[in-house]
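# Architecture and fold: a report
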Amino acid sequence: MGAALYAALLIPLLLVVSTMLLSGPFGIGTAAGDRTTALVVVIGIPLTLGIAIDLLWMPHPDEVELPDTTG
C-alpha cells in the first residue's frame, strides 16, 4: 500500500514542482511546443519508465536470498 501511494502521489508531485522550477530557466515548455507535450516529456515518460522498471525488472523481496548473519 505504501509503494502505491508513493508512486501515485509523491513522485508526480515532485515531478510537477521540478518542472515548474526548471521550466523558467531552461525553457522546457517553449522548446516542446505546448504545455501538454512538455508535461508528457518531463513527467509522463520518467514516471512510466520508473514504474515499469520497478514492476518488471526488480525482483520481489521474497525472492531475494540474504546471507545469514550470526551475532
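The rules we used
Residues numbered from 1 in each chain as written. Predicted model: local features only at pLDDT ≥ 70, side-chain atom pairs only at ≥ 80, totals over all residues. Heavy atoms only, no water. Helix = DSSP H or I, 4+ residues; strand = E, 2+ residues; numbered from the N terminus. Buried < 20%, exposed > 50% of the residue type's maximum accessible area, 1.4 Å probe, protein only. Areas by Shrake-Rupley, 256 points an atom, 1.4 Å probe, with all protein chains shown as cover. pLDDT = per-residue confidence, 0-100. Patch = residues over 30% accessible without salt bridge, like charges linked within 9 Å, V, L, I, M, F, W, Y side chains within 5 Å. Salt bridge = Lys/Arg side-chain N within 4 Å of Asp/Glu carboxyl O. Expected span 1.5 Å × (residues − 1). Bend = angle between axes of the 7 residues up to and from the residue.

Bringing the overall build of the protein chain into the picture now. When helices and strands are counted, the protein chain shows three helices and zero strands. When its helices and strands are written in sequence order, the protein chain yields α-α-α. Counting all 71 residues of the protein chain, 11% fall into the buried class. Per element, the accessible surface of the protein chain, about 6,000 Å² overall, is 71% carbon and sulfur.

Let's shift gears to the confidence of the model for the protein chain. Here the protein chain averages 76 in pLDDT, and 82% of its residues register 70 or above. Within the protein chain, helix H2 (residues 28–32) has the poorest average pLDDT of any element, 59, and helix H3 (residues 35–56) the best, 79.

It is worth spelling out a nonpolar patch on the surface at this point. A cluster of nonpolar side chains, Leu-49, Ile-53, Trp-57 and Met-58, forms an exposed patch at the surface whose accessible area comes to about 460 Å². On the basis of relative accessibility, which here comes to 64%, the residue Trp-57 falls in the exposed class.

Turning our eyes to something else, we now look at the environment of Ile-51. Note that Ile-51 resides in helix H3. Residues Ile-51 and Ala-7, 44 residues apart in the sequence, show an inter-C-alpha distance of 7.5 Å.

Relative to the 32 Å expected for 22 residues at 1.5 Å per residue, H3 spans 30 Å between its end C-alpha atoms, a close match to the ideal helical length. Along H3, the largest kink reaches about 30 degrees and is centred on Val-41.

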